[in-house]
Amino acid sequence: MEIVIVQSQEQAGKLVADTVAALLKRKTDPVLGVATGSSPGAVYKELARRVEAGELSLRHAKAFMLDEYVGLSEEHPQRYRVVIDREFVEPTDIDPANVSGPEGTARDLVEACADYERQIHAAGGVDLQILGIGTDGHIAFNEPGSSLASRTRLKTLTRQTRQDNARFFGGDIEAVPKHCLTQGVGTLMEADHLVLLAFGQPKAEAVHHMVEGPVSAMWPATALQFHPHVTVLLDESAASRL
Ligand code: GLP
């Protein structure tokens, strides 16, 4: 695991955009893994800036999302596909048809999960996966207790995660869905390169477990210790317990 302490989220955004740029030079059909949450915000802003400046293009890229809420309408502003469209797809030149996520509105959620696994496989897997981390150590929506070999599936969100995410729902925990579809730990561990971003004191404990703790399903991010190519970008506060 490579740990990089950054001075600002903007600096992290530039470093990850450099990594994306290198991937785009190396591969004609690059596949990105995109995360929601506030942590990757500066990455998407920097990618948008470089696209706008003509410094890079995502025209030939595909992207797969990590997870999706179950039960939000197609146009709900916090539906992850809507968030990714707003923060990543629309400000860049990636083709929206090349961006996929688990179908949280599907009638058959089990089949939707199996189908999502097939889509990722058919694209040749993810080259570069951008990740955040929950305060309870979840990655994507793999909550504590998730199997470290898990695949895309239906999960129940913990109260902690719903509390953390209530800020996106007007501060009302009851407005946060109780269920989601998420890539499994086993699914996202198949990406070639994982880049995890964490900022702020509330992430310090989870970061400490991820980097220095024993591997345990109770801290799902500890699975990353088994991955051969992980870059962790932290500010001083998120790194304060290392
Ligand atoms: C959500 C997402 C995760 C994300 C986490 C942290 O639960 N499903 O993918 O990593 O939030 O979010 P933030 O970056 O806003 O702290």
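Treat the numbers as computed from the prediction; the structure is a model and nothing was measured.

Overview of the packing of helix α1 (residues 9–26) against helix α2 (residues 41–52)
- Two numbers describe how α1 lies on α2: the axes approach to 8 Å, and their chain directions differ by 60°. With respect to α2, the axis of α1 lies oblique. Here the hand of the crossing between α1 and α2 comes out right-handed. For the pair formed by α1 and α2, the contact residues are Gln-9, Glu-10, Ala-12, Gly-13, Lys-14, Val-16, Ala-17 and Val-20 on the first element and Ala-42, Val-43, Lys-45, Glu-46, Leu-47 and Arg-50 on the second.
- Partitioning the contact of α1 with α2 into residue classes produces seven nonpolar, two polar and five charged.

A look at the site of the ligand
- Close contacts around the ligand come from 14 residues, with Ala-35, Gly-37, Ser-38, Ser-39 and Gly-132 the closest.
- By residue class, the composition of the shell around the ligand is five nonpolar, eight polar and one charged.

Section: the pairing of strand β2 (residues 31–34)
- Judged by which residues are buried, β2 turns out to be covered on both faces: Val-31 and Gly-33 on one side and Leu-32 and Val-34 on the other are all buried.
- Looking at chain direction, β2 and strand β3 (residues 62–65) are connected through four bridges and run parallel. Its bridge partner lying in β3, Gly-33 is registered against Phe-64.
- Note on the crossover from β2 through α2 to β3: the handedness is right-handed.

Rules behind the numbers
- Residues numbered from 1 in each chain as written.
- Predicted model: local features only at pLDDT ≥ 70, side-chain atom pairs only at ≥ 80, totals over all residues.
- Axes fitted to C-alpha atoms, helices over the stretch in contact; angles between N-to-C directions.
- Helix = DSSP H or I, 4+ residues; strand = E, 2+ residues; numbered from the N terminus.
- Parallel < 35°, antiparallel > 145°, perpendicular 65-115°, else oblique.
- Left-handed = near helix turned anticlockwise from the far one by under 90°.
- Contact = placed C-beta atoms within 7 Å.
- Nonpolar A, V, L, I, M, F, W, Y, C, P; charged D, E, K, R; others polar.
- Near = placed C-beta within 6 Å.
- Buried ≥ 20, exposed ≤ 12 C-beta atoms within 10 Å, placed from the backbone.
- Pairing = 2+ DSSP bridges.
- Right-handed = clockwise from strand over helix to strand, strands pointing away.

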